[in-house]
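Summary of structural features
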Amino acid sequence: MSQRVDERSVEDAPPPPGKDRAQYGVCAFLVLVGVAVIVDGLGIPHITSSTDPVGPRAVPVILGVLLLLVAVAYAVDVARGGHGEPEAGEDVDLSQGTDWRTVLLLIGAFVVNAVLIERLGWVISGALLFWGTAFALGNRHYVRNLLIAVTLSLTTFYAFAIGLGVNLPAGVLQGIL
Amino acid sequence: MDNLNNLMQGFEDVIAPMNLLLALIGVLVGTAVGVLPGIGPAMTVALLLPVTYGMEPVQAFIMFAGIFYGGMYGGSTTSILLNTPGESSSVVTAIEGNKMAKAGRAAQALATAAIGSFVAGTIGTLLLVLVTPFVVDFAVSLGAPDYFALMLLSFIAVTSVLGASRIRGLISLLLGLTIGLVGIDAVSGQQRLTLGVPQLADGIDVVVVAVGIFAVGEALWVAAHLRRKPVEIIPVGRPWMGKKDWRRSWKPWLRGTAFGFPFGALPAGGAEIPTFLSYATEKRLTKHPEEFGKGAIEGVAGPEAANNASAAGTLVPMLAIGLPTNATAAVMLAAFQSYGIQPGPLLFEREASLVWVLIASLFIGNLMLLLLNLPLAPAWAKLLQIPRPYLYAGILFFASMGAYAVNAQPLDLFLLLTLGLLGFAMRRFGLPVLPLIIGVILGPRAELQGRRSLQLSGGELSGLVGGPVSYAVYAVIVLVLAWPLVRRFAVRPRTTVA
């Protein structure tokens, strides 16, 4: 097991970039989640009975405490220079920084679909999603992408919603499709 | 031979034209999606799960068996042609497989992978038929404390045996347990972590979690670091093997199967260790040691067989105890649950016909895979050239469709995005995703079994230690936890075997 990991890290990982301070953000996140779980857990009425002597509170509280402990242990690990290997892959180029513009555009396309799916229906919102994500990822064939997007959303709607009975809303196109 | 009769009945149920068609579609779609770069078997199954939502359970599982083996095979094609293993289990296949492809022997590498997968899958499924009834008999005798101990072992194993860093595995597990906590407590009916949102009362669907962490997380991660140059694809003809290749392949297939199945069937198994062991063994036994590292066919045949046999092996604890040991089994378990079916010892009594249909479909899907993939390999290889913007746009498109289809509520799409961002962060910080998925699925059930154990003892912690099984399991847990200390003192000198 350890051999394999070693071999991989030699082959495809970039050299360790010094101390990775952003990891303290993960610690903060874990503390936040831990506190939230404990607070929520303590807010649950403490109901126990002969069939359930533990009640619904115990597990959230234990889990919250574990989260806090792990946050501390992680902080110690980071302070000692520990860092995780960012995931590599054939399409992944880790030598460049993170391309936040693409990520934000993708999130935008995603949210547009989530907001519009019930109003406009899957065929329209799904096509927008595909077109928007392809744009975000740097494809600039606007017309071709629109054709692909509409074909894809129409095909999936007919195949899955009508053919296989999967839940997809028709939205404003109700009655037309 | 009751089981044989059951299996025959299973075959009879599957061999109807409509069902065979579904199996064929499952194999085709599973392979097609599994071939796409960056999509491993678990993600394939998660993405395709919603496709089956409108079907009857029997039809759905026939298709699922095809998707399961198709996704596995698709993943190995990608790792051979592109050197991009979609899941850690095909890492070893990629080592020699990609070298073979680069040396102009892609056709032979694909052939030995396909035939080896078939051999291992068939033997593995046969072993599944033979072994599972014993495991069921064993599992029936287990009480709540034993189950609790077994699940605890799964948690420990998935965080500390697999993966490079224990602390990072533990973080992932705890986040998964937290996600699993959301919803109404099954025992007391109290809402936990629902923030007053009524849609969250039923909890966050495992499919949404799996698709969010695997598919959306992966797409966002790749998008943020997209390599802006065309990928080089190795051209392939129709896979074939010469006499010499057969002679060099058949023993590694069988040895790989022998490694793969038992590891897959263990509660702490997985495919990483057996594929690696198989590789190391073939390297030691080969008559062509000079080829290793440059594309030795044994190095593809063995690990690929081990990978598939281990996949069949993971179905043993998944079906008989309800314990998933890898990501694909975890998603399969979620598929059962989405039909209101709980895997475990009672499954074979309550849903016997369904289980045997699933097992029969595994045999049939495996055979179809072999017949299809030898001629279709060049077509699959073309899929690797799909422009990356379309590939990742397509992944997000199908991920959204699937997540919405689970409950038909837009809230799930926002959850999907949030989980996708979590998956993104986990990839950035090198946190493994498997412990999270296992935590989401097993967390609520571990809590239930733990509380049941304490109910028997009236709240005394001693209730957690039940029969001999729980003692044994706790002993294994102690061993697993103490192993790094032991290794530090005992096995230090020989850490560079590879």
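Criteria and cut-off values
Residues numbered from 1 in each chain as written. Chains lettered and ligands numbered in written order. Predicted model: local features only at pLDDT ≥ 70, side-chain atom pairs only at ≥ 80, totals over all residues. Heavy atoms only, no water. Helix = DSSP H or I, 4+ residues; strand = E, 2+ residues; numbered from the N terminus. Buried < 20%, exposed > 50% of the residue type's maximum accessible area, 1.4 Å probe, protein only. Contact = heavy atoms within 4.5 Å. Areas by Shrake-Rupley, 256 points an atom, 1.4 Å probe, with all protein chains shown as cover. Phe/Tyr/Trp six-rings, centres within 6.5 Å; stacked < 30°, edge-to-face > 60°. Lys NZ or Arg CZ within 6 Å of the ring centre and 35° of its normal. Salt bridge = Lys/Arg side-chain N within 4 Å of Asp/Glu carboxyl O. Buried area = accessible area lost by both parts, 1.4 Å probe. Nonpolar A, V, L, I, M, F, W, Y, C, P; charged D, E, K, R; others polar. Patch = residues over 30% accessible without salt bridge, like charges linked within 9 Å, V, L, I, M, F, W, Y side chains within 5 Å. pLDDT = per-residue confidence, 0-100. Axes fitted to C-alpha atoms, helices over the stretch in contact; angles between N-to-C directions. Left-handed = near helix turned anticlockwise from the far one by under 90°. Core = buried A, V, L, I, M, F, W, Y, C linked by side-chain atoms within 4.5 Å. Domains from an automatic or database assignment.

A few words on the overall build of chain A. Counting secondary structure elements, chain A contains 6 helices and 0 strands. Taken across its 177 residues, chain A has 37% of its residues classed as buried. The long-range fraction of contacts in chain A, counting pairs at least 24 apart against all pairs at least 6 apart in sequence, stands at 57%. Total accessible area on chain A stands at roughly 9000 Å², and carbon and sulfur atoms take up 66% of it.

Let's shift gears to the overall build of chain B. A tally of regular secondary structure across chain B gives 18 helices and 2 strands. Overall, the C-alpha framework of chain B stretches about 70 × 50 × 50 Å when taken along its three principal axes. When the 498 residues of chain B are sorted by exposure, 63% land in the buried category. Considering only contacts in chain B between residues 6 or more positions apart, those separated by 24 or more positions represent 79%.

The description of an aromatic ring pair uses the distance of the two centres, along with the angle that the planes make with each other. The full count for this structure, using the stated rule, is 18 aromatic pairs over all chains. Judged by centre distance (5.8 Å) and plane angle (55°), the rings of Trp100(A) and Phe424(B) are tilted. Residue Trp100(A) is found in helix α4 (residues 100-120), and its partner Phe424(B) is found in helix α16 (residues 411-428); the two belong to separate chains. Phe424(B) gets classed as buried once you look at its relative accessible area, which sits at 8%. It is Arg140(A) that lies over the ring of Phe135(A); its NZ or CZ is 4.1 Å from the centre. Positioned over the ring face of Phe429(B) is Arg428(B), at 4.4 Å from the centre of the ring.

For the rest of this paragraph, the subject is the pattern of salt bridges. Applying the stated criterion to the full structure yields 13 salt bridges over all chains. Of the charged contacts, one joins Glu218(B) and Arg427(B) as a salt bridge, the two residues approaching to 3.0 Å between their closest N and O atoms. Highlighted residues: Glu218(B) in helix α8 (residues 206-224) and Arg427(B) in helix α16, separated in sequence by 209 residues. Take Arg427(B): its relative accessible area is 5%, and that puts it in the buried class. Salt bridges here are not isolated pairs; linked through shared partners, they connect Asp52(A), Asp185(B), Arg192(B), Glu447(B) and Arg451(B).

Quick look at the interface of chain A and chain B now. One widely used convention gives an interface's size as the accessible area the parts lose upon coming together. Contact with chain A, which involves 87 residues of that partner, is made by 82 residues of chain B. Counting each side, the surface lost to burial between chain A and chain B is near 7200 Å², with a carbon and sulfur contribution of 71%. Joining chain A to chain B, the criterion identifies 4 salt bridges. A salt bridge links Arg168(B) to Asp77(A), with the shortest nitrogen-to-oxygen separation between them at 3.0 Å. Put simply, the parts of the chain that give the side of chain A that touches chain B at least two residues each are α1 (2-12), α2 (23-42), α3 (58-79), α4, α5 (122-136) and α6 (142-163) of chain A. Looking at the side of chain A that touches chain B, the element that brings in the most residues is α4(A), giving 12 residues. Of the residues belonging to the side of chain A that touches chain B, the class tally is 48 nonpolar, 24 polar and 15 charged.

A cluster of nonpolar side chains, namely Ile62(A), Val65(A), Leu66(A) and Leu69(A), defines an oily patch on the protein surface of about 350 Å² accessible area. Residue classification places Leu69(A) among the exposed positions, given a relative accessible area of 53%.

So, on to the confidence of the model for chain B. All names here are of chain B. Confidence in the prediction of chain B, expressed as mean pLDDT, is 86, and 95% of residues score 70 or more. Mean pLDDT across the elements of chain B ranges from a minimum in helix α18 (residues 468-490), with 82, to a maximum in α16, with 95. On the interface metric, ipTM, the complex scores 0.88, and its pTM is 0.86.

Interaxial distance between α5(A) and helix α15 (residues 388-407) of chain B falls to 8 Å at its minimum, and their mutual angle equals 150°. Crossing hand, α5(A) versus α15(B): right-handed. Contacts between α5(A) and α15(B) pair Trp122(A), Gly126(A), Ala127(A), Leu129(A), Phe130(A), Thr133(A) and Ala134(A) from the former with Pro389(B), Tyr390(B), Ala393(B), Gly394(B), Leu396(B), Phe397(B), Ser400(B) and Met401(B) from the latter. Here the contact of α5(A) with α15(B) is composed, by residue class, of 11 nonpolar, 4 polar and no charged.

Structurally, Ser361(B) can be placed in helix α14 (residues 352-383). Once residues lying within four places of it in the same chain are set aside, the contact partners of Ser361(B) are Val14(B), Ile62(B) and Ala65(B).

To continue, consider the packing of helix α5 (residues 91-140) of chain B against helix α10 (residues 272-285) of chain B. Residues and elements named next belong to chain B. Running from N to C, α5 and α10 point in directions that differ by 35°, and their axes come no closer than 8 Å. For the pair formed by α5 and α10, the contact residues are Val92, Ile95 and Glu96 on the first element and Thr275, Phe276 and Tyr279 on the second. Residues belonging to the contact of α5 with α10 are distributed by class as follows: 4 nonpolar, 1 polar and 1 charged.

In the predicted model, chain A carries a mean pLDDT of 85, and 89% of its residues have values of at least 70. This stretch, residues 1-16 of chain A, has a pLDDT under 50; its non-local contacts, to residues over four places away or in other chains, come to 23 contacts.

With that out of the way, let us pick up the nonpolar core. Within soluble globular proteins, side chains that are nonpolar generally end up buried alongside one another. Counting residues in each nonpolar core, the largest one holds 207 residues, and the members touching the most others are Leu30(A), Tyr74(A), Leu168(A), Val209(B), Phe214(B), Leu416(B) and Leu436(B). The biggest single contributor to this core is α14(B), with 18 residues. Residue-level mapping places this core at the junction of two domains, with at least three residues from each of domain 1 (2-79) and domain 2 (100-173) of chain A. Setting aside anything within four residues of it in sequence, one finds Tyr74(A) in contact with Gln23(A), Val26(A), Cys27(A), Leu30(A), Ile167(B), Arg168(B), Ile171(B) and Phe429(B). Counting residues in each nonpolar core, the second largest holds 5 residues, with Val92(B), Ile95(B), Tyr279(B) and Phe292(B) among its members.

Let us now look at unusual backbone geometry. Residue and element names in this part refer to chain B. The residue Leu193 is not glycine, and still its phi comes out positive at about 55°. Considering the arrangement of structural elements, one finds Leu193 in the loop between β2 (191-192) and α8. The backbone of Leu195 shows a phi angle near 55°, a positive value even though the residue is not glycine. Counting through the fold element by element, Leu195 comes out in the loop between β2 and α8. Residue classification places Leu195 among the exposed positions, given a relative accessible area of 73%.

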